[in-house]
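Summary of structural features
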Amino acid sequence: MRRIILASQSPRRQELLHRIGLEPFDILVPQADESYDPALPPQEIVAAISAKKASAAAVLCESDALIIAADTMVFLDDKRLGKPRDEAEAFAMLSALTGREHLVCTGVTARCGKQVWTEVESTAVRFAPLTSAQIRWYISTGECMDKAGAYGIQGRGALLVESIRGDYFNVMGLPVRRLSRMLTAFGVDLLA
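A short tour of the structure in this document, coming up. (Residues numbered from 1 in each chain as written. Predicted model: local features only at pLDDT ≥ 70, side-chain atom pairs only at ≥ 80, totals over all residues. Heavy atoms only, no water.)

In terms of helices and strands, the protein chain carries 6 helices and 7 strands. The N-to-C order of helical and strand elements in the protein chain reads β-α-β-α-β-β-α-β-β-α-β-α-α. Taking 192 residues into account, the globule formula puts the C-alpha radius of gyration at 16 Å, and the protein chain, at 17 Å, falls close to it. Counting only C-alpha atoms, the protein chain reaches 50 × 35 × 25 Å along its principal axes. By residue count, 47% of the 192 residues in the protein chain fall in the buried class. Counting only contacts in the protein chain whose residues sit at least 6 apart along the sequence, the fraction spanning at least 24 positions is 67%. (Helix = DSSP H or I, 4+ residues; strand = E, 2+ residues; numbered from the N terminus. Rg over C-alpha atoms; globule rule 2.2 N^0.38 Å. Buried < 20%, exposed > 50% of the residue type's maximum accessible area, 1.4 Å probe, protein only. Contact = heavy atoms within 4.5 Å.)

This part covers helix H2 (residues 42-58). Taking 1.5 Å per residue as the helical rise, H2 with its 17 residues ought to reach 24 Å, and the 25 Å between its terminal C-alpha atoms agrees with that figure. For H2, the full list of buried residues reads Pro 42, Ile 45, Val 46, Ala 47, Ile 49, Ser 50, Lys 53, Ala 54, Ala 56 and Ala 57. Contacts made by the buried residues of H2 are with strand E3 (66-76), strand E5 (101-112) and strand E6 (115-127). (Expected span 1.5 Å × (residues − 1).)

Turning to unusual backbone geometry, a few remarks are in order. In most cases, non-glycine residues show a negative phi, while peptide bonds are predominantly trans. Following Glu 23, the chain continues to Pro 24 via a peptide bond in cis, the omega torsion being -5°. Mapping Pro 24 onto the fold places it in the loop between helix H1 (11-19) and strand E2 (26-27). For Asp 78, which is not glycine, the phi dihedral falls at a positive 65°. With respect to the helices and strands, the residue Asp 78 is situated in the loop between E3 and strand E4 (79-81). Looking at Asp 78, the relative accessible area reads 61%, which means it is exposed.

So, on to the packing of aromatic side chains. If you walk through the whole model with that rule in mind, you get 3 aromatic pairs. Centre to centre, the rings of Phe 127 and Tyr 151 are 4.8 Å apart; their planes meet at 75°, and the pair counts as edge-to-face. Placement of the pair is Phe 127 in strand E6 and Tyr 151 in the loop between helix H4 (132-140) and strand E7 (161-165), with a sequence separation of 24 residues. (Phe/Tyr/Trp six-rings, centres within 6.5 Å; stacked < 30°, edge-to-face > 60°.)

Below, the discussion takes up the environment of Ala 65. Among the secondary structure elements, Ala 65 is positioned in the loop between H2 and E3. Among the residues examined, Ala 65 registers a relative accessible area of 2% and is labelled buried. Taking C-alpha positions, Ala 65 is 5.9 Å from Arg 2, a pair spaced 63 residues apart along the chain. Once residues within four sequence positions are removed from consideration, Ala 65 is found in contact with Arg 2, Arg 3, Ile 5, Arg 111, Cys 112 and Gly 113.

Looking now at the pattern of salt bridges. Enumeration according to the criterion identifies 11 salt bridges in this entry. With its nearest N and O atoms 3.4 Å apart, the salt bridge here joins Glu 89 to Arg 85. The closest approach of N and O atoms between Glu 101 and Arg 165, which form a salt bridge, is 2.7 Å. Residue Glu 101 is located in strand E5, and its partner Arg 165 is located in strand E7; the two are separated by 64 residues in the primary sequence. (Salt bridge = Lys/Arg side-chain N within 4 Å of Asp/Glu carboxyl O.)

Another aspect to go through is the packing of helix H3 (residues 87-97) against H4. The interhelical angle for the contact between H3 and H4, taken along N-to-C directions, is 130°, at an axis separation of 10 Å. With respect to H4, the axis of H3 lies oblique. Every pair of crossing elements has a handedness; the one defined by H3 and H4 is right-handed. Residue-level inspection shows Glu 87, Ala 90, Phe 91, Leu 94 and Ser 95 of H3 in contact with H4, the latter providing Ser 132, Ile 135, Arg 136, Tyr 138 and Ile 139. Per-class residue counts for the contact of H3 with H4 are 6 nonpolar, 2 polar and 2 charged. (Axes fitted to C-alpha atoms, helices over the stretch in contact; angles between N-to-C directions. Parallel < 35°, antiparallel > 145°, perpendicular 65-115°, else oblique. Left-handed = near helix turned anticlockwise from the far one by under 90°. Nonpolar A, V, L, I, M, F, W, Y, C, P; charged D, E, K, R; others polar.)

Here you go:
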């Protein structure tokens, strides 16, 4: 079996690959240019960055390795919400999200040699109306500080979410069903 490489240091992506049985895999975190034109639609931004990550990883490993790269971003009114720099920024992000719907987009790239396939998954997430005290409580858990949009749906952040339309795992950072379909083109069938 060829070597599988996850071009990401995200513990959530690693956990999801383990959950779906895509093992063994190695982790490689390449330095990739993650700049983008903010005028682009969210889906094009994450697609371009995931492709850049896969390309950066490809120059660091053997040509027959199967590389999986992803980039997840949170958008509110087409404005990107990254990882908060401090608690004040986390409070501002979560306050902006309260009672509203936002979009979580993940670009996923699978690459082996010159064969490259990139797709995008988008999930709409609606936050419940939250009080300032509830937002401060969530921030006090520390869970929000390393997460795009200042929340993690797989942890206590689930308490903030009223509903989702789309792939739950996409909100965690990797749309596993879409990835599974993509991998069949590379001879990896996780359902066999």
